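# Summary of the model geometry
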Amino acid sequence: MPENSRRPEISVSDILLYINCPRRVYFVSRGFELLPEINVSRLERMLLKELSMNYPEIVKMCSLNADTMCKELEAALDQACKDLPLMFPKEFARTEKGFLEEGNARARAKIPEIAANLLKGLEEFGKDSMLAALTPVKTEPIIFSERLNLKGAPSKIVCFEGMNVPSIIKPGSCPVQGVWASDRIHVASLALLLEAESGKEIPFAFVEYVSFGIIRKVVIRSSDRREVLKTCRRVEKIKAGLMPEKTEEKFCSECTFSEHCVSNSSLMSKFF
Ligand code: SF4
């Protein structure tokens, strides 16, 4: 039997879960549901993600005019609001009525800031560079590397300066400068996958903070690659059955696993 067939398969989403809390990897790998319901915040993020798919088109057709851009963004958001229940029928079947309207109102309130930042980006980097960084040559392609025992799907592959590089869409908060540490590891893991597939070095990637209309270029460092490889090995062990120590995490209060997440010894007696 080849060695890989005995190893639990790792995905980039496992790495992201591990960054949140190693124990979440354990629970999800054992069939616990991470996000059992759609709430207003999640709907707002889903709408902003769908809205961002229209940024390349809107940037392409808008002159440097905030009013025009806001109108186009509002129209795209209206469309996203209609499309979302058709795209996720199972999730919407158990979503409270009114949540979508509330999520829509929250997303709509962000449009003036999104438009202002897209226009700022256009002035700063130029239309061609902005379009290259925003426009997908592929959307959510699934990439698997046997050598890394890793699979993942970047939000987009974009062609920038003649290179195909990964880009991720993040509807959450945006740091004042650069990208969040977790986003750096996220793009590094996708760069490693894309390198394994293409055989070419991926020196940089992009993070789109779509709730703000801000796009940031990230240089992939050796230390990021090391962190990804180290995390993959830890995740493999957890998926093979190792329960990580419980530490008091900042996410515990809102974690869907909190009622199951007890001390190691109590947990063992609960499951076995
Ligand atoms: S309750 Fe806390 S320690 Fe347990 S899985 Fe959730 S975040 Fe991790």
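The structure under discussion appears in the preceding block.
Summarised in this report is the structure supplied together with it.

Around the ligand, the neighbouring residues are C21, R23, R24, F27, K246, T247, C252, C255, S258 and C261. Of the residues that constitute the shell around the ligand, the class distribution is five nonpolar, two polar and three charged.

Bringing the layout of surface pockets into the picture now. A volume near 2,200 Å³ is recorded for the largest pocket. Considering the residues around the largest pocket, the lining is formed by 47 residues, among which L16, L34, L35, R45 and K170 are closest to the centre. If one sorts the elements of the lining of the largest pocket by residue count, helix 1 (residues 12-20) sits on top with six residues. By residue class, the composition of the lining of the largest pocket is 24 nonpolar, eleven polar and twelve charged. Considering only enclosed or pocket space, the second largest pocket measures out at about 390 Å³ in volume. Residue lining of the second largest pocket: 15 residues in total, with G121, E124, F125, I214 and I215 positioned closest to the centre. Among the secondary structure elements, those contributing two or more residues to the lining of the second largest pocket are helix 8 (111-125), helix 9 (127-134) and strand 8 (214-219). Per-element accounting of the lining of the second largest pocket gives the leading share, five residues, to helix 8.

Summed over all chains, the structure comprises seven aromatic pairs. Both rings, one in F204 and one in F206, keep their centres 5.9 Å apart while their planes meet at 80°; by these two values the pair is edge-to-face. These aromatic residues form a ring-pair network of at least three members: Y26, F27, F32 and F257. In this structure, R30 is placed above the aromatic ring of Y26, and the distance from its NZ or CZ to the ring centre is 4.3 Å.

This part takes up the environment of R234. For R234, the position within the fold is in helix 11 (residues 222-239). Taking the relative accessible area as the measure of exposure, R234 reaches 37% and is therefore partly exposed. Spatially, the C-alpha atoms of R234 and F125 are 40 Å apart, while their sequence positions differ by 109 residues.

Turning our eyes to something else, we now look at the packing of helix 5 (residues 66-87) against helix 7 (residues 99-109). At a closest axis distance of 11 Å, the pairing of helix 5 and helix 7 adopts a crossing angle of 155°. Considering the angle they form, helix 5 stands roughly antiparallel to helix 7. Viewed along their axes, helix 5 and helix 7 form a crossing whose handedness is right-handed. Facing helix 5, whose interface residues are E74, L77, D78, C81, L84 and P85, helix 7 presents L100, N104, A107 and R108. Considering only residue class, the contact of helix 5 with helix 7 consists of six nonpolar, one polar and three charged.

It is worth spelling out the sheet that holds strand 4 (residues 150-152) at this point. Read across the sheet, three strands follow the order 1-4-3 without closing on themselves; strand pairing throughout is mixed. Only two strands of the sheet have a single partner each, and these edge strands are strand 1 (10-11) and strand 3 (143-145). Direction of pairing for strand 3 relative to strand 4: antiparallel, over a ladder of three bridges. In the sheet register, F144 faces strand 4, and the bridge partner there is K151. Contacts between helix 10 (residues 181-198) and the sheet are confined to strand 3 and strand 4, with strand 3 contributing the most and set at about 75° to the helix.

Rules used throughout
Residues numbered from 1 in each chain as written. Predicted model: local features only at pLDDT ≥ 70, side-chain atom pairs only at ≥ 80, totals over all residues. Heavy atoms only, no water. Near = heavy atom within 4 Å. Nonpolar A, V, L, I, M, F, W, Y, C, P; charged D, E, K, R; others polar. 1 Å grid on protein atoms, 1.4 Å probe; cavity = no way out; pocket = protein on both sides within 12 Å on 5 of 7 lines; lining within 4 Å. Points joined across faces, edges and corners; volume = space filled by probe spheres on them. Helix = DSSP H or I, 4+ residues; strand = E, 2+ residues; numbered from the N terminus. Phe/Tyr/Trp six-rings, centres within 6.5 Å; stacked < 30°, edge-to-face > 60°. Lys NZ or Arg CZ within 6 Å of the ring centre and 35° of its normal. Buried < 20%, exposed > 50% of the residue type's maximum accessible area, 1.4 Å probe, protein only. Axes fitted to C-alpha atoms, helices over the stretch in contact; angles between N-to-C directions. Parallel < 35°, antiparallel > 145°, perpendicular 65-115°, else oblique. Left-handed = near helix turned anticlockwise from the far one by under 90°. Contact = heavy atoms within 4.5 Å. Pairing = 2+ DSSP bridges.

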